[in-house]
Each structure stands twice: as structure tokens, then as C-alpha cells.
Amino acid sequence: MGCDRNCGLITGAVIGAVLAVLGGILMPVGDMIIQKTIKKEVVLEEGTIAFKNWVKTGTEVYRQFWIFDVQNPQEVAVNSSKIKLMQRGPYTYRVRYLAKENITHDSENHTVSFVQPHGAIFEPSLSVGTENDTFTVLNLAVAAAAHLYENPFVQVVLNSLIKKSKSSMFQTRTLKELLWGYKDPFLSLVPYPVPTTVGVFYPYNNTVDGVYQVFTGKDNISKVAIINTYKGKKNLSYWSGYCDMVNGTDAASFPPFVEKTRVLQFFSSDICRSVYAVFGADVNLKGIPVYRFVLPSKAFASPLQNPDNHCFCTEKIVSKNCTLYGVLNIAKCKDGRPVYISLPHFLHASPEILESFEGLNPNEEEHSTYLDVEPITGFTLQFAKRLQVNILVKPSRKIEALKSLKRNYIVPILWLNETGTIGDEKAKMFRKQVTGKISLLGLVEMVLLSVGVVMFVAFMISYCACRAKKVK
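I will try to describe carefully the structure that is included in this document. Being a predicted model, the structure only gives us computed values, none of them experimental. (Residues numbered from 1 in each chain as written. Predicted model: local features only at pLDDT ≥ 70, side-chain atom pairs only at ≥ 80, totals over all residues. Heavy atoms only, no water.)

## Considering the side chain of asparagine 390
Part 1: Examined against the element boundaries, asparagine 390 turns out to sit in strand S19 (residues 380-393).
Part 2: Of the polar contacts made by the side chain of asparagine 390, one reaches the side chain of serine 342; its length is 3.1 Å.
Part 3: Beyond its immediate stretch of four places on either side in the chain, asparagine 390 contacts Pro338, Val339, Tyr340, Ile341, Ser342, Phe346, Ile410, Val411, Pro412 and Ile413. (Helix = DSSP H or I, 4+ residues; strand = E, 2+ residues; numbered from the N terminus. Polar contact = N/O pair within 3.5 Å; in protein donor to acceptor, adjacent residues only side chain to side chain. Contact = heavy atoms within 4.5 Å.)

## A few points about the packing of aromatic side chains
Centre distance and the angle of the planes are the two values used to describe a pair of aromatic rings.
Part 1: With the rule as written, the count across this model stands at 20 aromatic pairs.
Part 2: Ring centres of tryptophan 66 and tryptophan 415 lie 4.1 Å apart, and the angle between their planes is 5°; on these two criteria the pair is classed as stacked. Taken together, the residues tryptophan 66 in strand S1 (residues 61-70) and tryptophan 415 in strand S20 (residues 409-421) connect sequence positions 349 residues apart. With respect to burial, tryptophan 66 and tryptophan 415 carry one shared label: buried.
Part 3: For the pair tyrosine 230 and phenylalanine 267, a centre-to-centre distance of 4.9 Å together with 55° between the ring planes defines the contact as tilted. With tyrosine 230 in strand S11 (residues 227-230) and phenylalanine 267 in strand S12 (residues 264-268), this residue pair connects regions lying 37 residues apart in the sequence.
Part 4: Looking at tyrosine 230, the relative accessible area reads 11%, which means it is buried.
Part 5: For phenylalanine 267, a relative accessible area of 5% gives the class buried.
Part 6: Through pairs of rings, three or more aromatic residues link up here, namely Phe51, Trp54, Phe114, Tyr212, Tyr230 and Phe267.
Part 7: Between lysine 100 and the ring centre of tryptophan 54, over which it is positioned, the NZ or CZ distance is 5.0 Å. (Phe/Tyr/Trp six-rings, centres within 6.5 Å; stacked < 30°, edge-to-face > 60°. Buried < 20%, exposed > 50% of the residue type's maximum accessible area, 1.4 Å probe, protein only. Lys NZ or Arg CZ within 6 Å of the ring centre and 35° of its normal.)

## What to know about a nonpolar patch on the surface
Part 1: Among the surface-exposed residues, Leu148, Tyr149 and Tyr192 lie close enough to one another that they form a single nonpolar patch of about 270 Å² accessible area.
Part 2: Positionally, tyrosine 192 belongs in the loop between strand S8 (182-183) and strand S9 (197-198).
Part 3: By relative accessible area, which is 42% here, tyrosine 192 ends up partly exposed. (Patch = residues over 30% accessible without salt bridge, like charges linked within 9 Å, V, L, I, M, F, W, Y side chains within 5 Å. Areas by Shrake-Rupley, 256 points an atom, 1.4 Å probe, with all protein chains shown as cover. Salt bridge = Lys/Arg side-chain N within 4 Å of Asp/Glu carboxyl O.)

## Some points on helix H5 (residues 152-164)
Part 1: With 13 residues, H5 ought to run about 18 Å at 1.5 Å a step, and its terminal C-alpha atoms sit 18 Å apart, in line with that.
Part 2: Turning to H5, its buried residues number three or more, namely Gln155, Leu158, Asn159, Leu161 and Ile162. Take H5 and look down its axis: the buried residues cluster within an arc of 165°, on one side only. For H5, the exposed residues lying more than 90 degrees away from the buried face are Phe153 and Lys164.
Part 3: Taken together, the buried residues of H5 touch helix H4 (140-148).
Part 4: N-capping of H5 is provided by asparagine 151, with a side-chain oxygen placed 2.9 Å from the backbone N of phenylalanine 153.
Part 5: Looking one or two places after H5, you find lysine 166, whose phi comes out positive at around 60°. (Expected span 1.5 Å × (residues − 1). Arc of directions from axis to C-beta.)

## A word on H4
Part 1: Taking burial as the measure, the 9 residues of H4 include 7 buried ones, the bulk of the element.
Part 2: Along H4, the positions that sit buried rather than exposed are Leu140, Ala141, Val142, Ala143, Ala144, Ala145 and Ala146.
Part 3: Sitting at the head of H4, asparagine 139 places a side-chain oxygen 3.2 Å from the backbone nitrogen of alanine 141.

## A closer look at the pattern of salt bridges
Part 1: Applying the stated criterion across every chain yields a total of 13 salt bridges.
Part 2: Ionic pairing is found between lysine 218 and glutamate 45, a salt bridge with its closest N-O pair at 3.2 Å. Within this pair, whereas lysine 218 is found in the loop between strand S10 (208-215) and S11, its partner glutamate 45 is found in the loop between helix H1 (2-41) and helix H2 (49-55), the two being separated by 173 residues in sequence.
Part 3: Under the relative-accessibility criterion, glutamate 45 is labelled partly exposed at 28%.
Part 4: Bridged by salt links that share partners, the residues Arg63, Arg96, Asp270, Lys385 and Glu418 form one connected network.

## Some details on the state of the cysteines
Part 1: Under the defined criterion, the tally for this structure stands at 2 disulfides.
Part 2: Each sulfur in the disulfide pair cysteine 272 and cysteine 333 lies 1.8 Å from the other. Measuring handedness by torsion sign, the sulfur bridge of cysteine 272 and cysteine 333 sits at about 75° and is right-handed. One end of the pair, cysteine 272, is in the loop between S12 and strand S13 (273-285); the other, cysteine 333, is in the loop between strand S15 (327-329) and strand S16 (339-342), with 61 residues separating them in the sequence. Like cysteine 272, the residue cysteine 333 is buried in the burial classification.
Part 3: Disulfide pairing is shown between cysteine 313 and cysteine 322; the S-S distance is 1.8 Å. (Disulfide = S-S within 2.5 Å.)

Spelled out as C-alpha cells, the structure:
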């Protein structure tokens, strides 16, 4: 009888040990299965989950605009006063709804090239007004002309055309005109061939961004979706290589198995450069654990604070010998036009920039850029890209519309929030196919390991107690 009991206890202990070992074995085996599955599905080739969503995003992406309406145009033009701004918006458009085109695979180099068509559909139900709402904004053509043509004789000629067209420092434009283009009366009088249509995003509809060439990840999963080459903005080559402006992905996805210590680099053709994001917080997005990566203030720092930005300081006066921070001069990829990019309301910018304005209230929550990345797959499931478009306007002795200015202004025109969030159905599918399976496998591993250890310890204690009793 005692022998049978001891045998039973030993058998129980052995079973417990086996379960614990199985749990221990299953953990690395399970991890290998997960990694193998993920590595297969994130490759950009026909038949994978990643490729299907890469060709055409299943997430609805919206671009919201807030326009800065100038309240005291006459005071500014005559007395060089502070510019009083009133933010109006949002005005919302659906974007990125068109599938990638001209998709060409290169199996030898493990790359795929494509172009991204542009389109914008106005969404009245998500907007505070219509595309016909009007705003008082800086005259884009007048400000740019004074910057592009600094020769005094040329400016005298331009001044006569500006006066003849009855143009001034400020103008009134509809939302549709300001964003997508209008025929400028001053430029229409220029006696030699120049583009006469002006708009912050002109041209946009029926155009394409690219050609992009990205790695498929077939040979090296750590390179998946990373941009190899980009041939878009015609002047971007001025910076490429010199300042390493094109690197990272397009931010829709990143190489899988993202760690919190990783720095995520991504390219934005809107600002003609790559930027980066760092880990900010853990977030639960519709039941899916994600890492929130945020754009740090250093991304818009001065070259003294961040040497990566040295190529955005192309002059010494406006930048105050390259010490001004919070704005990036992207004129080189805007045909020389004095366009400056910043975060909305000059978040993280030099205080002296804000001193020229009233009505700006920068805050981190509303004006920062972030990406919510699912760490196993590297897919971006939610994002908010926030940028502000500004135009530099300077005093000009020969152009009467700008003659009374006593200082340089980096004038905010608008700011945008491009945002997208995984839909409820897609989130449910993602939980079922990815996070659910991973959680279930992890649970099985832990249960086997825990039950095995408990059984082994319990039976060994019983066995030892039994042996001690027998000795007595």
C-alpha cells in the first residue's frame, strides 16, 4: 500500500515536471511560431495582409484644416502692428482613399515601386462651414514675389503690376481657392511666362506623389516598407544625401517587433524630409495594446540644438544666425517660395516668433504629432499628423504694399491635422487574428508552466512528508 502511494506521488511529480517542461518548451516554440507568421504576413508581396492594406488603406483618413483669419490687415500693412489672428475650423476633407498605382516589383533587389495618387473630398458634416467661406489671409503672390526677386529694378516693375492689379499685402479668398488654387490677378499681368495659379496645396487633386521605391522585407524583415529611393519633389535632390532627408517608412507601418527604445523614422513629402518619433506611452486602442510614439520638440530645433536641421538654415538674417527654433525653411523644395513649416500655433518655437501675433495658443495635447503602433506587427493603427504652413513676408522699399513693414513676419496661413484610426470591424478582426492568438498562446504557455510547477512541488512535498512519516 505504501509503495503504491509513493509510486503515485512520484508519478504525479513526474507529470507536473513534464507539464512544466512542456510549458517551458512551448514558450520559445510559440515565440518562433508567432515570429514566423508575422514575418510572413508583413512582407509586401501578393497575398499577405500587409500588402493588401498597403495597396489601399482600409482606414478612413481625414485632413482637417484650421485657417488663420487676419483681423487687422490695415493696421499691419500701415503700422507694422502685431497680427491679430482668429482660428476658424475645422474644415474636413477625406484623403488617401485612392489605391497606389504603377506598382512594380523587383524580385532581385526585393523592392517595390509605386506612385500615390492624390485626391481630396470635402466632408460638409465634419466641417464648420462650406468651401465658399471666406478668409482674410496673406497675399501669397505678393509676399513670394518680394522674396524671389530682390533686385530693386525688378521690384519697381513688380510694384507697378501689383498696383495695377489692385493687390495688397492681404487678400480675401474662399477656402477652396486658398487650399486648391486660384488665378492670381497680379501674376496674370506679368509679361513673361510664370505660373499664374496660386494655392497652398496647388496642384493636388489628380496629381501623384512619387515615384517611391520601398523594400518588401522578403530577404530582410527589418527593412520592410523602408524607403529606398524617392523621386518626387524636383528640388529634393538638393538635400538628399547631403542631409540624409529620405529615410524610414511612410509611417503607415514599420518593421515588426517594435521595442520602446526604437526610434521610428518616417518620410513626409509635405515637408520634404524625414523626421522621427520616440516612445511616449502605452495606449489601449479598441482592445489592442499599442505604443504611442510622439514627434519630439528636437525635430524642429535650431541647428545648434539639432545638427540634423542644419540644411534648413539657408540664410542668417531671418533665422538670427541659425538660432531660431520651431520653424523649418523648406523653400528649396517649394521653388524658392518662402514657405516655413512648424507645429500648429508655433508649438515648441522661439518665443520671439509668437511675439508678432495675437490669438495663438500652443498646447501639446491639440498640436503634437503622434503614431499609435502595434508592436508585434509594426502596423500604425492610429495617427495624428499636425503641421502648420507659414509664409515669410519681409519689408520692401520698392513694393508699396510692403513698404511700411518694420520687421519680418513668419505669417501662419493654416494648420492641418491628418488623422486616421482603425475601424471597429478591422479592430475586431485584428484582435482575432493577431493579438487574440498571441494572448491565447501566451495563456496556454503560462497555464502549463504554472500547473506543472504547482503539481511538481505539491507531489514532492507529499512524497517527502510520506517518507518522513514512514521513517518515524
